[in-house]
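One-letter residues, chain by chain:
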Amino acid sequence: MLTEIRKCVDANDIKGLRYIFVDCLDVDPTFEKYKSDYEYCTNMDGLFEPYRELTPLSLDKAAWDMNYWEQLKLDLMKNFSRKRFEHMREVAKVVYAEKIDQLFREREQQRAVTAQTQDSEEKKIKPVTINDNKKEDPELVQKRKLEEAKKALAEENRKFEERQRIEAERREKQREEFSRQREPGPKKWPGIVLGIVAAVVIVFLIIGIL
């Protein structure tokens, strides 16, 4: 389970989980990184709300652009329903199609390298003395590929964690902005009363001088 989600689950922070899932498809539109955690959280009481119609959900994929996507996210913050979230998973496949293709290619390459190095390790290639200096020891080649696979996986995880951090900061700003919008505005009556009193005092002073 992802660290950020684990913290919310342990604290039963339903609001925190909602903020995470509102932005998770921006971080990983393939949903691979979140799928198992999401399935676990769907069993938590109170995560979802009954669906309430806000902006009508469009089934026309031609209308699925970033404007529609942003509106869906705003509506999800107001009404976190499973129906709306599942709809967003489908919309993400369209608005983030290029990003999804890129992520799948990167992960497939990493899986291929990892599988190759693991296969070589299982065969336990024994060191071979090679007289030709231009040829490499198979065991060294295997170790190098394994290290490259580990570095590639670590780099993907680093990028994923960085995207999570950025989205977490953005969620916190959104949460603060949302809270400020709900707070009542500053009371203006005391200032108005003071202004009237000051005006009356000035008038009396002028009358007294005259």
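The structure this text deals with has already been given above.
Below, the structure is looked at part by part. All residue numbers refer to position in the chain's written sequence, counted from 1. This being a predicted model, a pLDDT of at least 70 is required before a residue's local features are given, and a value of 80 or more before pairs of side-chain atoms are given or counted; all residues contribute to the totals for chains, interfaces and linings. The basis for every side-chain value is the complete set of non-hydrogen atoms in the structure, without hydrogens or water.

On to the overall build of the protein chain. Numbering goes from the N terminus for both helices and strands, where a helix is a DSSP run of H or I of at least four residues and a strand is a run of E of at least two. Summing up its helical and strand segments, the protein chain has eight helices and zero strands in all. The order of α-helices and β-strands along the protein chain, N terminus first, is α-α-α-α-α-α-α-α. Per-residue burial over the protein chain gives 30% buried out of 210 residues. Computed with the Shrake-Rupley method and a 1.4 Å probe, the accessible areas treat only the protein chains shown as cover for residues. Carbon and sulfur atoms make up 56% of the accessible area of the protein chain, which totals about 14500 Å². Burial classes follow relative accessibility: with a 1.4 Å probe on protein chains only, a residue under 20% of its type's maximum area counts as buried, one over 50% as exposed, and anything between as partly exposed.

A few words on the environment of Gln118. Note on placement: Gln118 falls in helix 6 (residues 97-123). On the accessibility criterion, Gln118 (44% relative accessible area) is partly exposed. Sequence-wise, Gln118 and Lys145 are 27 residues apart; in three dimensions their C-alpha atoms are separated by 9.7 Å.

Owing to its 3.6 residues per turn, the α-helix aligns residues three or four sequence positions apart on the same side. Counted at 1.5 Å a residue, the expected span for helix 2 (residues 14-27) with its 14 residues is 20 Å, and the 20 Å between its end C-alpha atoms agrees. One axis is fitted to the seven residues ending at the residue and one to the seven starting there. The bend at that residue is the angle between these axes. Along helix 2, the largest kink reaches about 25° and is centred on Phe21. Those residues of helix 2 that fall on the buried side of the exposure criterion are Ile14, Gly16, Leu17, Tyr19, Ile20, Phe21, Val22, Asp23, Cys24, Leu25, Asp26 and Val27. Multiplying one less than the number of residues by 1.5 Å gives the expected span of a helix.

Attention shifts here to unusual backbone geometry. Non-glycine residue Asn12 carries a positive phi angle of around 55°. In this structure, Asn12 sits in the loop between helix 1 (3-10) and helix 2. Backbone geometry at Phe31 places phi at a positive 70°, although glycine is not the residue there. Position of Phe31 among the secondary structure elements: in the loop between helix 2 and helix 3 (35-41). Given the relative accessible area of 3%, Phe31 is considered buried.

So, on to the packing of helix 2 against helix 4 (residues 66-78). Lines fitted to C-alpha atoms define the axes here, with helix axes fitted over just the stretch in contact, and angles between the N-to-C directions of these axes take values from 0 to 180 degrees. One can describe the packing of helix 2 onto helix 4 by two numbers: an axis separation of 9 Å at closest approach and a directional angle of 165°. If you check the angle between helix 2 and helix 4, you find them roughly antiparallel. For the pair helix 2 and helix 4, the sense of crossing is right-handed. Contacts from Tyr19, Val22, Asp23, Leu25 and Asp26 in helix 2 reach Trp69, Lys73, Leu76 and Met77 in helix 4. Considered class by class, the residues forming the contact of helix 2 with helix 4 number six nonpolar, no polar and three charged. An angle below 35 degrees is treated as roughly parallel, one above 145 as roughly antiparallel, one from 65 to 115 as roughly perpendicular, and anything else as oblique. If you view the pair so one helix is near and one far, a crossing is left-handed when the near helix is turned anticlockwise from the far one by less than a right angle, and right-handed when it is turned clockwise. Two residues qualify as a contact provided that any one of their heavy atoms is within 4.5 Å of a heavy atom in the partner residue. Each residue is assigned to one class: nonpolar for Ala, Val, Leu, Ile, Met, Phe, Trp, Tyr, Cys and Pro, charged for Asp, Glu, Lys and Arg, and polar for all the others, Gly among them.

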